[in-house]
Amino acid sequence: MSHWSFLKTDLNEKQDLFIDCRSQAQYQESTLKGAYYFPFVKKAFASDPDSSKKLLGPIEEILALAKKEEKSRILVFDEGMGMFASRLVFLLRAAGFQNAFLIGQRWPVDGAKEKGSKELDCGPASKIRKLEGVIDKAFLEKNLTRLQIFDTRTPEEYDGKLPRLTAPEPGSLCGRLPGAFLWDWRMLYDASGELVDKTFFNKKLRGFPFMPERTTVIYDYNGARSSLLAMMLKEVGYNDVNVYVGSWFEWRKSNLPKQAANIYGQASAGASAPRVGGIDRKS
């Protein structure tokens, strides 16, 4: 265990609402007893008002479920502390529910199992409300040159060679937000698939020219891979950490500036030099 406070291994069926973020097929085959499945967590959302309502609807349903079933904690899991479970924990905390945690075990998680039968695909919220630490395209456009930005995709996506990690489509625009530094989200895990410990994380963090007191923005393709890094940064003292919910999914369709831009499937002149942190600085 890497001692991150957002990880929990002490499961309690009476006090915990379980949410399974694995695939639908895995959930239906076997899940923790009483666990729910919310497919929204795997979807991409833009940051316009309608998209925001679609994102908020399931979050409000989860919070209502916890209240109805008198659960004091919400514990979320996937195959192993991955992007979708992290995304949901981050969003629940952003909505004000701080007792949301990742289950700090790889599947199969300890505990009673059953076939999953509680699948909820909720409609949009009736109105928009602010989620703490979640920003939209308008905020980025206004403040772009004043932000320190992490890109948590893979080097291939960052360098403009792939538009997205899975199922890239020919003709899709590749690239990155101007001024972003790469922190490949896979580097947040060790060789055994556990989250790296805080000492190692802080050592890598010192390799970036960032300051804890400055506004930090994290993005990827759809806001999922960003959420884990956001929680880790908050825990080591970064004061103003934000996830851009639209991420490259939305930004690529805008007329806003881009770096390493390239059309997937077409020949390119070569990507611009990367800005990669996390390398140990020499004294």
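Before reading on, note that the structure itself is shown above.
Residues numbered from 1 in each chain as written. Predicted model: local features only at pLDDT ≥ 70, side-chain atom pairs only at ≥ 80, totals over all residues. Heavy atoms only, no water.

A. Up close: the pattern of salt bridges. Under the criterion given, the structure shown has 9 salt bridges. Among the ionic pairs, Arg153 bridges to Asp151, the shortest N-O distance being 2.8 Å. Across the pair, exposure class does not vary: Arg153 and Asp151 are buried alike. (Salt bridge = Lys/Arg side-chain N within 4 Å of Asp/Glu carboxyl O. Buried < 20%, exposed > 50% of the residue type's maximum accessible area, 1.4 Å probe, protein only.)

B. Structural view of the pairing of strand S5 (residues 73-77). With respect to burial, S5 is a largely interior element, 5 of its 5 residues being buried. Residues of S5 alternate between two faces, with Arg73, Leu75 and Phe77 on one and Ile74 and Val76 on the opposite face, all of them buried. Note: strand S2 (residues 16-20) against S5, 5 bridges, orientation parallel. Bridging across to S5, Asp20 finds its partner in Phe77. For S5 and strand S6 (residues 100-103), the ladder comprises 3 bridges, and the chain directions are parallel. Residue pairing across strands places Ile74 opposite Ala100, the latter belonging to S6. (Helix = DSSP H or I, 4+ residues; strand = E, 2+ residues; numbered from the N terminus. Pairing = 2+ DSSP bridges.)

C. Molecular detail of unusual backbone geometry. Omega for the peptide link from Trp107 to Pro108 comes to 5°, which places this bond in the cis form. As for its position among the elements, Pro108 is in the loop between S6 and strand S7 (113-114). Phi is positive for Ser247, close to 50°, though the residue is something other than glycine. Looking at the secondary structure, you find Ser247 in helix H8 (residues 247-251). Look at Ser247 and you get buried, because its relative accessible area is 0%. Residue Ala260 is not a glycine yet carries a positive backbone phi of 55°. The residue Ala260 is located in strand S14 (residues 259-263) in this model. The class for Ala260 is buried, based on a relative accessible area of 13%.

D. Summary view of the packing of aromatic side chains. By the definition in use, this model includes 16 aromatic pairs. Centroid distance Phe150 to Phe210: 4.6 Å. Interplanar angle 65°. Geometry classified as edge-to-face. Of this pair, Phe150 sits in strand S9 (residues 148-151) while Phe210 sits in the loop between helix H6 (198-205) and strand S12 (215-219), and the two are 60 residues apart along the sequence. In this structure Phe150 comes out as buried when scored by relative accessible area, which is 0%. With a relative accessible area of 11%, Phe210 lands in the buried category. Between the aromatic rings of Phe181 and Phe208, the centroid separation amounts to 6.5 Å while the plane-to-plane angle is 75°, which identifies the pairing as edge-to-face. With Phe181 in strand S11 (residues 181-182) and Phe208 in the loop between H6 and S12, the pair connects residues that are 27 residues apart, well separated along the chain. Through a chain of ring-to-ring contacts, three or more aromatic side chains come together here, namely Trp4, Phe6, Phe150, Phe181, Trp183, Phe201, Phe208 and Phe210. The ring of Trp107 is capped by Arg22, whose NZ or CZ atom sits 3.8 Å from the centre of that ring. Note that Arg176 overlies the ring of Tyr158, its terminal NZ or CZ placed 4.1 Å from the centroid. (Phe/Tyr/Trp six-rings, centres within 6.5 Å; stacked < 30°, edge-to-face > 60°. Lys NZ or Arg CZ within 6 Å of the ring centre and 35° of its normal.)

E. Up close: the sheet that holds S6. The 5 strands lie next to each other as S1-S6-S5-S2-S4, forming an open sheet whose pairing is parallel. The open sheet has two edge strands with one neighbour each: strand S1 (7-8) and strand S4 (36-37). In this sheet, S4 lies alongside S2 in parallel orientation, the contact comprising 2 bridges. Across the sheet, Asp20 pairs through a bridge with Tyr37, a residue of S4. Strand contacts of helix H2 (residues 49-68): S2, S4 and S5, with the helix running at about 145° to S2, the strand carrying the most contacts. Across the sheet, helix H3 (residues 83-94) touches S2, S5 and S6, and the angle it forms with S6 is around 165°. (Contact = heavy atoms within 4.5 Å. Axes fitted to C-alpha atoms, helices over the stretch in contact; angles between N-to-C directions.)

F. Here's a closer look at the packing of H3 against helix H7 (residues 225-235). H7 packs onto H3 with a crossing angle of 55° between their chain directions and a minimal axis gap of 7 Å. What the angle tells us is that H3 and H7 run oblique. The two elements H3 and H7 meet at a crossing, and its hand is left-handed. From H3, Met83, Ser86, Arg87, Val89 and Phe90 reach across to H7, where they touch Arg225, Ser227, Leu228, Ala230, Met231 and Lys234. For the contact of H3 with H7, the class distribution of residues is 6 nonpolar, 2 polar and 3 charged. (Parallel < 35°, antiparallel > 145°, perpendicular 65-115°, else oblique. Left-handed = near helix turned anticlockwise from the far one by under 90°. Nonpolar A, V, L, I, M, F, W, Y, C, P; charged D, E, K, R; others polar.)

Interpretation in functional terms is not warranted from these geometric data alone.
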